[in-house]
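Residues per chain are reported as follows:
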Amino acid sequence: MNLTLHELARVVSAKNDVSAYPNLVLKNIEFDSRLIQDGDIFLPLKGARDGHEFIPTAFDKGAVVTLSEKKIAFPHILVTNTEQAFQVLAAYYLEKTKVDVIAITGSNGKTTTKDMAAQILETTYKTYKTQGNYNNQIGLPYTVLHMPEDTQKLVLEMGQDHMGDIHLLSTLAKPKLAVITLIGESHLEFFGTRDKIAEGKLQIVDGLVPGGELIAPADKIINAYLPENQKITRFGADSDIHIVDLYEYKDALRFTVNFLDEQLMIPIPGKFNATNAMVAAYIGMLEGVSSENIKRALADLVLTKNRVEWLKASNGADILSDVYNANPTAMRLILETFQTIDRNPDGKKIAVLADMKELGEQSPQLHRQMITALDPQKLDLLYLYGEEIEPLAAAAMTVFEPDAVKYFRKDNEKDALDALLKDLLNTLAPQDQLLLKGSNSMKLSTLIEGLC
């Protein structure tokens with residue numbers, strides 16, 4: 001960041017006179033007082049605790065000024081709402097730097113597509129991207145204000161928990177390209193229907209710059225929300241952009257797309273990731289990246305931690321880990337991948353599935369329906385863990401052999417995760433393949449630590 005103190009005060013419409021403060025050049029802003037260094041701005045936010053309580057700590061750590069919603073003894077810029085001021089500041093900084101913004105949202109695949117697009121763009125441009133999952137009304141402006149000063153392309157992930165979230169982020173960021181990866185069931189508890197989720201996701205066009213482009217799936221559910229007089233590229237079978245040939249391997253995909261001559265390869269499983277890579281490649285092509293650089297970037301792909309990845313258990317067994325996020329669409333896709341890949345010689349295929357959170361009143365039905373994605377001919381053992389997944393456990397016990405399904409409960413009174421891990425350690429052989437899939441809050445990462 002490169003702003004002066006007086007400039008900052010003007011941008012956020014300071015309610016106090018800051019002319020007596022030296023017009024310092026400010027390079028960094030933090031809302032966690034533990035991260036403050038000499039010369040920083042402190043941003044007190046109201047969460048579980050009020051960040052204003054940490055203003056003295058921030059100055060002890062070296063802050064030179066703080067935003068504040070009340071008059072204080074420390075050098076401060078007085079505003080009505082610190083979070084809104086943060087967002088206003090980020091929007092101003094994007095206008096000032098004239099960086100090209102690529103915005104990506106979707107129920108599944110947005111982080112992977114973000115990583116892919118950024119890796120492609122950085123072959124040709126100074127590129128920065130959302131770090132981790134900083135994709136909300138605080139994380140996005142934080143990303144903007146932490147990008148290197150010479151950034152040319154900024155790839156921003158946009159998440160939504162409630163209607164209006166994407167509108168806020170899009171109008172703040174004003175993207176040149178807006179991408180929707182998929183409309184699934186994430187946060188169904190808050191939206192009620194996939195149709196409402198689609199409506200919320202389509203708000204990504206609200207901030208598109210004139211001449212900007214929307215890249216969206218060929219899913220009819222979004223048709224009612226597509227804007228008029230807007231350049232739109234659809235992707236999927238027989239759409240504007242699509243995959244021509246796809247070859248799926250245990251830990252890689254090879255495929256061609258209809259807009260590039262080069263065959264592409266990505267070192268990760270799951271044919272859904274070919275679609276994510278295709279969208280990222282299309283972004284690169286639109287931004288002038290050569291096909292050779294697109295191909296090389298995808299072949300050398302490095303993804304954000306805890307996305308789909310093959311790991312090795314300490315005994316040599318193969319673990320397909322997908323433990324960051326879960327909803328019915330995502331679970332079906334990874335089950336399809338796991339059940340399709342070739343078995344290891346003499347090895348078992350074992351799946352551990354845990355609760356999919358935030359599905360609301362439809363949770364029992366959506367969990368039970370997952371039985372249609374499970375093939376007893378391709379899975380030797382099925383472990384089910386949680387409370388909301390119990391209807392699937394009951395259904396699975398009518399389809400699989402009696403000793404092929406094991407249910408470990410987790411509720412307010414009991415958590416059988418340790419028992420599940422113990423059972424896996426006794427069962428998993430070096431030649432086996434194991435799939436782990438569940439919502440992040442189910443802490444299946446603990447199983448990975450125990451097995452690896």
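Keep in mind the model is a prediction, meaning the values are calculated, not measured.

Here's the deal with the UniProt feature "domain: Mur ligase C-terminal" (unreviewed entry) in the protein chain
Thought 1: UniProt records the feature "domain: Mur ligase C-terminal" (unreviewed entry) at residues 307–439, using the numbering of this structure.
Thought 2: Helix makes up 31% of residues 307–439 and strand 23%, with an end-to-end C-alpha separation of 12 Å.

Structural notes on the packing of helix H3 (residues 82–97) against helix H6 (residues 165–173)
Thought 1: Running from N to C, H3 and H6 point in directions that differ by 40 degrees, and their axes come no closer than 8 Å. Between H3 and H6, the angle is such that the two are oblique. Of the residues in H6, those touching H3 at Gln87, Ala90, Ala91 and Leu94 are Leu168, Leu172 and Ala173.
Thought 2: Within the contact of H3 with H6, the residues separate by chemical class into six nonpolar, one polar and no charged.

Description of the pairing of strand S18 (residues 349–354)
Thought 1: Most of S18 is tucked away: six of the six residues are buried.
Thought 2: Residues Lys349, Ala351 and Leu353 point to one face of S18 and Ile350, Val352 and Ala354 to the other, with burial holding for every one of them.
Thought 3: Bridging between S18 and strand S21 (residues 433–437) involves five bridges; their strand directions are parallel. The residue bridging valine 352 from the neighbouring strand is leucine 436, located in S21.
Thought 4: Handedness of the β-α-β unit built from S18, helix H12 (residues 363–369) and strand S19 (residues 381–386) comes out right-handed.

Some thoughts on the sheet that holds strand S13 (residues 243–248)
Thought 1: Ordered by their spatial adjacency, three strands build an open sheet running S13-S14-S15, and the pairing between neighbours is antiparallel. Since the sheet does not close on itself, it has two edges, and those belong to S13 and strand S15 (264–266), each with one partner. For this sheet, the mean angle separating the axes of adjacent strands, direction not counted, is 20 degrees.
Thought 2: Where strand S14 (residues 253–257) lies against S15, three bridges are found, and the strand directions are antiparallel.

Analysis parameters
- Residues numbered from 1 in each chain as written.
- Predicted model: local features only at pLDDT ≥ 70, side-chain atom pairs only at ≥ 80, totals over all residues.
- Heavy atoms only, no water.
- UniProt positions renumbered as here; feature names shortened; annotations may be inferred.
- Helix = DSSP H or I, 4+ residues; strand = E, 2+ residues; numbered from the N terminus.
- Axes fitted to C-alpha atoms, helices over the stretch in contact; angles between N-to-C directions.
- Parallel < 35°, antiparallel > 145°, perpendicular 65-115°, else oblique.
- Contact = heavy atoms within 4.5 Å.
- Nonpolar A, V, L, I, M, F, W, Y, C, P; charged D, E, K, R; others polar.
- Buried < 20%, exposed > 50% of the residue type's maximum accessible area, 1.4 Å probe, protein only.
- Pairing = 2+ DSSP bridges.
- Right-handed = clockwise from strand over helix to strand, strands pointing away.

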